[in-house]
Amino acid sequence: MTTIRKVRKAVLPVAGLGTRFLPATKAVPKEMLTVVDKPVVQYVVEEAMAAGIEHFVFVTGRNKGVIEDHFDIQVELEATLRERGKTVELRSLEDMLPKAGATSFTRQQAPLGLGHAVWCARDIVGNEPFALLLPDMVMRDKVGCLAGMVELYEKVGGNIVAVAECDPALAHKYGIVGRGEDLEGGFRITQMVEKPAKGTAPSNYYINGRYILQPEIFDILSRQERGAGNEIQVTDAMLKLADTQPFSAYPFAGQTYDCGSKEGFILANVAFALDREDIRPLVAQELQKLIAEA
C-alpha cells in the first residue's frame, strides 16, 4: 500500500504585477491590498496555517519586499504597543506570524506564468507533496478550504484540486473539471478543460485556486512548453501528470472571492466586514442606505 506523505509545505505565487488594480498597485503589491484590516495574502496564509502547513514558500518578484516584511517581527512597533498596553493589537501581530524559519522567499525573475512560478519553488519544496494556493483567491467558510482538502488527501492520496460550482451558463469562463466516481468528501476528476467552448463543459465545477500536488509535477514543468498567453500553464502540467497519477476534487461549499478583480475585492470587503461584530451594525446600516439610494 502506497504511503500517503504529509503535506507540510505551501507555495504562494506572489510575483504578479496586479495590472487589473492599477493605479493602486503601482507601488503596493496587490497581495497587500487590505480586506477590512488584513492584507489579502494574510487570509491565505492563515488558511494554510489552519490546515497544518509548516513551511511557506513565497515566489516573489521585484518590489515585493513588503510581503517579506509583513511576515516578520517589527521590533519598534511591537515595543511601542507594549509600552502603551495595547495587548490585543500586539497579540494579533504575534498570532499571524509563521514560526521562525518557516518562510522562504524565491524570485521568479520573469513573468512566465503560474507554472513557471511553481517550478521556481522546486528546490525549496523538494521531493514531497505540497499545497499551491493562489493568493488572489480568498475563501470564507467555517472550515478552511485547504483543511478540507488535506482531510480528503489523507484518505485518497494523489493530487487534490479544490472546486466550486458556478452557473452552467458561465462555465466557459473558467477551468472546469469532469466529475467521476464519488469519494468520501469529494469525487474523482476525469478531465480538466481550460475555458471550454460554450455548451461543451463537462460539468459546472470550476477550479478555484487551491491545489495539493505531488512533486513529480516539477519535472513536467521543467519541460513544459508555453501555452495560453505564451506562458507556462500549471493546468497543462497537471493534465500530463494525470496520465500517471489520480486527481480528485474537493468541492468547497463556502464562498470564493477573486480579490484580483475589483468586483471580487469589494464583495470580500463587504462580506468580511459583515462577519465582524464590532463593525457589522454600522456597515449593514450604511449599505442599506446606499442600496436604497442607488
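Residues numbered from 1 in each chain as written. Predicted model: local features only at pLDDT ≥ 70, side-chain atom pairs only at ≥ 80, totals over all residues. Heavy atoms only, no water.

Asker: Is there a simple way to explain the overall build of the protein chain in this structure?
Answerer: A count of helices and strands for the protein chain gives 11 helices and 13 strands. Against the globule reference of 19 Å for 294 residues, the protein chain gives a C-alpha radius of gyration of 20 Å, in line with a compact fold. The principal-axis extents of the C-alpha atoms in the protein chain amount to approximately 60 × 50 × 40 Å. Taking the contacts inside the protein chain whose residues are at least 6 apart along the sequence as the reference set, 76% of them involve residues at least 24 apart. Carbon and sulfur atoms provide 51% of the accessible area of the protein chain, an area that totals close to 15500 Å². Taking the average place of the 33 positive charges on the side chains of the protein chain and the average place of its 39 negative ones, the gap between the two points comes to 3 Å. (Helix = DSSP H or I, 4+ residues; strand = E, 2+ residues; numbered from the N terminus. Rg over C-alpha atoms; globule rule 2.2 N^0.38 Å. Contact = heavy atoms within 4.5 Å. Areas by Shrake-Rupley, 256 points an atom, 1.4 Å probe, with all protein chains shown as cover. Lys, Arg positive; Asp, Glu negative; His and termini not counted. Charge placed at Lys NZ, Arg CZ, Asp CG, Glu CD.)

Asker: Honestly, the side chain of His116 in this entry has me stumped. Any pointers?
Answerer: Secondary-structure assignment places His116 in helix 5 (residues 114–119). Looking at His116, its side chain comes within polar contact range of the side chain of Gln108, at 3.2 Å. Apart from residues lying up to four places away in sequence, His116 is in contact with Gln108, Ala110 and Ile232. (Polar contact = N/O pair within 3.5 Å; in protein donor to acceptor, adjacent residues only side chain to side chain.)

Asker: What should I look at first to understand the packing of aromatic side chains in this one?
Answerer: Two numbers describe a pair of aromatic rings. These are the distance of the centres and the angle of the planes. If you walk through the whole model with that rule in mind, you get eight aromatic pairs. Ring centres 4.9 Å apart and planes at 55° place the aromatic pair Tyr43 and Phe272 in the tilted group. One end of the pair, Tyr43, is in helix 1 (residues 40–50); the other, Phe272, is in helix 10 (residues 262–274), with 229 residues separating them in the sequence. An aromatic cluster is built from Tyr43, Tyr257 and Phe272, whose rings are joined through pairwise contacts. When the ring centre of Tyr43 is taken as reference, the NZ or CZ atom of Lys38 above it lies at 4.5 Å. (Phe/Tyr/Trp six-rings, centres within 6.5 Å; stacked < 30°, edge-to-face > 60°. Lys NZ or Arg CZ within 6 Å of the ring centre and 35° of its normal.)

Asker: Could you clarify how one ought to interpret the side chain of Thr256 in this entry?
Answerer: When you line up the elements, Thr256 lands in strand 13 (residues 255–258). Side-chain polar atoms of Thr256 contact the side chain of Asn208, separated by 3.4 Å. Excluding residues within four positions of it along the chain, Thr256 makes contact with Met137, Val138, Met139, Tyr206 and Asn208.

Asker: In this structure, what is going on with the pairing of strand 12 (residues 247–251)? I would like to understand it.
Answerer: When a strand is regular, its side chains alternate between the sheet's two faces. Most of strand 12 is tucked away, with four of its five residues classed as buried. Relative to strand 12, strand 8 (residues 159–165) runs parallel, the two being bridged by five bridges. Paired with Ile160 across the strands is Ser248, a residue of strand 12. Here strand 10 (residues 186–194) pairs with strand 12 via two bridges, running antiparallel. When the bridges of strand 12 are listed, Arg188 appears paired with Ser248. (Buried < 20%, exposed > 50% of the residue type's maximum accessible area, 1.4 Å probe, protein only. Pairing = 2+ DSSP bridges.)

Asker: Even after reading the chapter, I still don't get the packing of helix 3 (residues 75–83) against helix 4 (residues 87–96), so can you show me in this structure?
Answerer: Helix-helix packing: each pair is described by the crossing angle between the helix axes and the interaxial distance. As a packed pair, helix 3 and helix 4 sit with axes 9 Å apart at the nearest point and diverge in direction by 145°. Along the contact surface, helix 3 presents Leu77, Glu78, Leu81 and Arg82, while helix 4 presents Glu89, Leu90, Leu93 and Glu94. Of the residues contributing to the contact of helix 3 with helix 4, the split by class is four nonpolar, no polar and four charged. (Axes fitted to C-alpha atoms, helices over the stretch in contact; angles between N-to-C directions. Nonpolar A, V, L, I, M, F, W, Y, C, P; charged D, E, K, R; others polar.)

Asker: Looking at this structure, I do not really get unusual backbone geometry. What am I missing?
Answerer: Following Leu22, the chain continues to Pro23 via a peptide bond in cis, the omega torsion being 10°. Residue Gln109 is not a glycine yet carries a positive backbone phi of 75°. Counting through the fold element by element, Gln109 comes out in the loop between strand 5 (103–107) and helix 5.

Asker: What should I look at first to understand the state of the cysteines in this one?
Answerer: What we call a disulfide is simply a covalent bond connecting the sulfur atoms of a pair of cysteines. Inspection of every chain in the model, using the stated rule, returns zero disulfides. This cysteine, Cys166, is not joined by any disulfide, and Cys145 carries the nearest cysteine sulfur, 16 Å off. Judged by its relative accessible area of 10%, Cys166 is buried. (Disulfide = S-S within 2.5 Å.)

Asker: Please explain the pattern of salt bridges as it appears in this structure.
Answerer: Side chains that carry opposite charge are capable of pairing whenever their charged atoms lie near each other. Per the stated rule, a full pass over the model turns up 19 salt bridges. Note that Lys9 and Glu128 form a salt bridge whose closest N and O atoms lie 3.5 Å from each other. With a gap of 119 residues between them, Lys9 in strand 1 (residues 9–13) and Glu128 in the loop between helix 6 (122–125) and strand 6 (130–133) connect regions that are remote in the sequence. Across this residue pair, the class does not change: Lys9 and Glu128 are buried. When the shortest N-O distance is used, the salt bridge between Arg140 and Asp275 registers 2.6 Å. A residue pair is termed long-range when its members are at least 10 positions apart, and Arg140 in strand 7 (residues 137–140) and Asp275 in the loop between helix 10 and helix 11 (280–293) qualify at 135 residues. Through salt bridges with shared partners, a single network forms among Lys6, Arg8, Lys9, Glu54 and Glu128. (Salt bridge = Lys/Arg side-chain N within 4 Å of Asp/Glu carboxyl O.)

Asker: How do you make sense of helix 1 when you look at a structure like this?
Answerer: In an α-helix, one turn spans 3.6 residues, which is why side chains three or four residues apart end up on the same side. Judged by how many residues are buried, helix 1 sits mostly within the fold: eight of 11 residues are covered. Restricting attention to buried positions, one finds in helix 1 the residues Val40, Val41, Gln42, Tyr43, Val44, Val45, Glu47 and Ala48. Positive backbone phi, at 90°, marks Gly52, one or two positions downstream of helix 1.

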